Amino acid sequence: MKKTERIIGAEAVVRSLIAEGVDVAYGYPGGAIMPIYDELYKYQDQLHHVLTRHEQGATHAAQGFARTSGRVGVAFATSGPGATNLITGIADAQIDSTPMVCITGQVASHLLGTDAFQETDVISISSPVTKWNVQVTKAEDIPAAIAKAFYIAKSGRPGPVLIDITKDAQLGELDYSYEKCTVVRSYKPIPETNIEKVKEAATLINAAKKPMIIFGQGVILGGAESELKALVEKAGIPSAWTVLGLSALATNHPLNVGMVGMHGHYGPNKLTNECDLLIAIGMRFDDRVTGDLSKYAKQAKVIHFDIDPAEVDKNVKTDVAVIGDSKDTLAKVLEFIDEKEHSSWLQEFRSFDKIEFEKVINGQLNPTKEGLTMGEVLQGINKATHDDAVIVSDVGQHQMMAVRYANFTHTRSNVTSGGLGTMGFALPAAIGAKMGAPSRHVVAIIGDGGFQMTCQELGTILQTGTAVKIVVLNNEFLGMVRQWQQLFFDKRYASTEMINPNFVKLAEAYSIPAKKIVKREDLQGAIDEMIACETSYFLEVMVEKEDNVFPMVPTGSSVSDIRLE
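**Things to note about the overall build of the chain**
When you go through the chain residue by residue, the secondary structure sums to 23 helices and 20 strands. A compact globule built from 565 residues would reach a C-alpha radius of gyration of about 24 Å, and the chain, at 24 Å, matches this within 12%. Scored against the burial criterion, the 565 residues of the chain give a buried share of 60%. Summed over its atoms, the accessible surface of the chain is roughly 22,000 Å², and 51% of this surface lies on carbon and sulfur atoms. Taken together, the 54 basic and 68 acidic charged side chains of the chain have centroids lying 3 Å from each other.

Structure, rendered in structure tokens:
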């Protein structure tokens, strides 16, 4: 017979989280969740609660924590507007497969459906953007709901889960005991791998003359970085990455050929339509990667390694699908592939690299114009951190510059909003990322537009003392939208020019050391000072107002139509 204790539901919530190993959570209190916050106060020596300045900030912080630590992020909010303010972060976590458990308070069960004060049907609202959600109206159902939530959030292809708990369930009593969930009926998080499909994949790999790998975040989520490296090196295959796959393989690896997609590198985009075998690992053939699907890799056989069968044949027709956890499937295929080199094929990528360097990269890293470029700022950060920082980027031109020019030697170093493209993501996500990886430098790269969407989270830094380094690349525009307006709307800059506040004074108002840089000769010294600072630091860098991100695949075009200017 299990030993039980008589406690209230709110305490059961907190004790269940502690039983799942949660030691930090993010949130914002309110009326419908006050009983849980009262218990958090009592257990604060075991579970540290971080008061963010907005509920959306809580979800992004939980995402950042999950992305650097590999653990489940946790966020709290009250009912009504508190719960609805979580939705953007939940949707972001869903599309980027980030494990997160959100717990919302709800009005008492007898008031459900009466339009009570701060009542919102968050279950219906969140259903499209959660992996699973549940409303709990009885105290005795709380432990099982939390156990199931954590199992679902972190197993298989990870994702966000929401638990909505009525106020009477929080205050009601139960005989408490806790048992972790290890199985859910009809839910099979890791499909069984078909060894025949593994052998078919190996046969195609061994026969290929021009194979190419595109690896995504599934490698990182599966902890398969060493298996990927072994496959790449044994088969000698040029390997490119998606935005979220970045850092699974060191950027300086000799077989790393760069990023695919709309603002990816010249070689891997052009040669996608020349390879004879395309091996997709833990990626979902997003439209920003493929461009025009009718012209995407039509000459190639396609192997797709993925944990989620729903991704196979969704966008790109697959010749061989290897379903299963990437760590297991890559280890299996390694047994059957031959040792090879594809040096002449690799040289084709390097030839394109030279063209891209001359046309694009050199102008970013060694600019002749007076104005500062985003690329040289990233290069300065690489130098100051010895290519070992966690880079958390927001969304826009600076994001694409960050993923193009930041160097990485360790996994889980690139944190950004991929599928949803959420402006305002970086500042709160960087707070969580630093708490998930406290021994590492965490640098947030943010545009002047995105920064102002969540700049209130400077207050969270003030209150927690989290040593996040914040770099705002200020071009006084909503840069990515402006770039499209320049290229495709005859330079009609409709509602994209920004009149900004004094960012340095804003940072200083939150007791954060701050500096503004406008001259190249001051840049590296300021970056070095920022990285050496033991506390948080705010650095504003004025960059070229109309600098564009190239290469670029115009929307709806083939990846072969990638533009260098």
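**As for the pattern of salt bridges**
Pairing between side chains of opposite charge can happen when their charged atoms approach one another. Tallying each qualifying case throughout the model produces 27 salt bridges. Note that E311 and K314 form a salt bridge whose closest N and O atoms lie 2.9 Å from each other. A salt bridge links R520 to E376; its shortest N-O distance comes to 2.8 Å. A residue pair is termed long-range when its members are at least 10 positions apart, and R520 in the loop between β19 (514-517) and α23 (523-532) and E376 in helix α16 (residues 374-385) qualify at 144 residues.

**Description of helix α1 (residues 9-19)**
Structurally, the α-helix is built with 3.6 residues per turn, so residues lying three or four positions apart point the same way. For α1, the tally of buried residues reaches nine of eleven residues, placing the bulk of the element in the interior. For α1, the set of buried residues is G9, A10, E11, A12, V13, V14, R15, S16 and L17. Where α1 ends, the next residue or the one after it, G21, has phi of about 85°, a positive value.

**Some thoughts on the packing of helix α15 (residues 343-365) against helix α17 (residues 397-405)**
Closest axis-to-axis distance for the α15/α17 pair is 13 Å, and the angle between their directions is 110°. In this view, α15 runs roughly perpendicular relative to α17, as classed from their interaxial angle. Residue-level inspection shows E356, V360, I361, Q364 and L365 of α15 in contact with α17, the latter providing M401, R404 and Y405. Classifying every residue of the contact of α15 with α17 gives five nonpolar, one polar and two charged.

**A few points about the sheet that holds strand β12 (residues 277-281)**
Ordered by their spatial adjacency, six strands build an open sheet running β11-β10-β9-β12-β13-β14, and the pairing between neighbours is parallel. Each having just a single partner strand, β11 (256-259) and β14 (320-323) make up the two edges of the open sheet. Averaged over all neighbouring strand pairs, the angle between strand axes comes to 20°, with direction disregarded. Alignment of strand β9 (residues 211-215) against strand β10 (residues 239-241), held across three bridges, turns out to be parallel.

**Comments concerning the environment of A201**
Within the fold, A201 resides in helix α9 (residues 195-207). Judged by its relative accessible area of 0%, A201 is buried.

**Details of the pairing of strand β17 (residues 442-447)**
A large share of β17 lies buried, amounting to six of its six residues. Residues V442, A444 and I446 of β17 are buried on one face, and the alternating residues V443, I445 and G447, pointing to the opposite face, are buried as well. Sheet analysis places strand β15 (residues 390-393) next to β17, joined by four bridges and oriented parallel. Residue pairing in the sheet places I391 in a bridge with V443 of β17. Of the pairings in the sheet, the one linking β17 to strand β18 (residues 469-474) comprises five bridges and is parallel in character. Counted as the bridge partner of A444 is I470 from β18.

**Here's the deal with the domain arrangement of the chain**
Under the domain assignment, the chain is made up of domain 1 (5-176), domain 2 (195-348) and domain 3 (370-542). A C-alpha centroid distance of 37 Å is found between domain 1 and domain 2. At the junction of the two partners, domain 1 supplies seven residues and domain 2 supplies seven residues. Summed over both sides, the interface of domain 1 with domain 2 buries roughly 620 Å², with 54% coming from carbon and sulfur. The largest contributions to the domain 1 side of the interface with domain 2 come from R67, D96 and R157, which together make up 65% of the buried area. In this structure, the connection of domain 1 to domain 2 is made through three residue pairs in polar contact (both at pLDDT 80 or more).

**Brief notes about the environment of E565**
Topologically, E565 is positioned in the segment after β20 (537-542). Take E565: its relative accessible area is 62%, and that puts it in the exposed class. Through-space distance from the C-alpha of E565 to that of F550 is 6.3 Å; in sequence the pair is 15 residues apart.

**Topic: the sheet that holds strand β6 (residues 132-136)**
Across the sheet, which stays open at both edges, the six strands sit in the order β3-β2-β4-β5-β7-β6 with parallel pairing between neighbours. Only two strands of the sheet have a single neighbouring strand rather than two, namely β3 (48-51) and β6. Pairwise comparison of adjacent strand axes, ignoring direction, gives a mean angle of 20° for this sheet. When β6 meets strand β7 (residues 160-166), the two strands line up parallel, connected through five bridges. Across the sheet, Q135 pairs through a bridge with D164, a residue of β7.

**So, the nonpolar core**
By size, the foremost hydrophobic cluster in this structure holds 97 residues, and its most contacted members are L278, I281 and V471. The leading source of residues in this core is α15, at seven residues. Inspection of this core shows a minimum of three residues originating in each of domain 2 (195-348) and domain 3 (370-542). Those residues in contact with L278 that lie beyond four places of it in its chain are M212, I214, F285, Y296, A297, A300, K301, V302 and I303.

**A few points about the side chain of T466**
Along the chain, T466 turns up in the loop between α20 (458-464) and β18. According to the relative accessible area criterion, T466 is buried, its value standing at 7%. A polar contact of 2.6 Å, which involves the side chain of T466, links it to the side chain of T464. Aside from chain neighbours lying at most four places away, what touches T466 is I431, K434, M435, I461 and S536.

**Overview of unusual backbone geometry**
Here the amide bond leading from F550 into P551 is cis, since omega sits at 0°, within 30 degrees of zero. Topologically, P551 is positioned in the segment after β20. Non-glycine residue S186 carries a positive phi angle of around 75°. Unusually for a residue other than glycine, H386 sits at a positive phi of about 55°. With respect to the helices and strands, the residue H386 is situated in the loop between α16 and β15. Note on H386: relative accessible area 67%, which makes it exposed.

Criteria and thresholds
Residues numbered from 1 in each chain as written. Predicted model: local features only at pLDDT ≥ 70, side-chain atom pairs only at ≥ 80, totals over all residues. Heavy atoms only, no water. Helix = DSSP H or I, 4+ residues; strand = E, 2+ residues; numbered from the N terminus. Rg over C-alpha atoms; globule rule 2.2 N^0.38 Å. Buried < 20%, exposed > 50% of the residue type's maximum accessible area, 1.4 Å probe, protein only. Areas by Shrake-Rupley, 256 points an atom, 1.4 Å probe, with all protein chains shown as cover. Lys, Arg positive; Asp, Glu negative; His and termini not counted. Charge placed at Lys NZ, Arg CZ, Asp CG, Glu CD. Salt bridge = Lys/Arg side-chain N within 4 Å of Asp/Glu carboxyl O. Axes fitted to C-alpha atoms, helices over the stretch in contact; angles between N-to-C directions. Parallel < 35°, antiparallel > 145°, perpendicular 65-115°, else oblique. Contact = heavy atoms within 4.5 Å. Nonpolar A, V, L, I, M, F, W, Y, C, P; charged D, E, K, R; others polar. Pairing = 2+ DSSP bridges. Domains from an automatic or database assignment. Buried area = accessible area lost by both parts, 1.4 Å probe. Polar contact = N/O pair within 3.5 Å; in protein donor to acceptor, adjacent residues only side chain to side chain. Core = buried A, V, L, I, M, F, W, Y, C linked by side-chain atoms within 4.5 Å.

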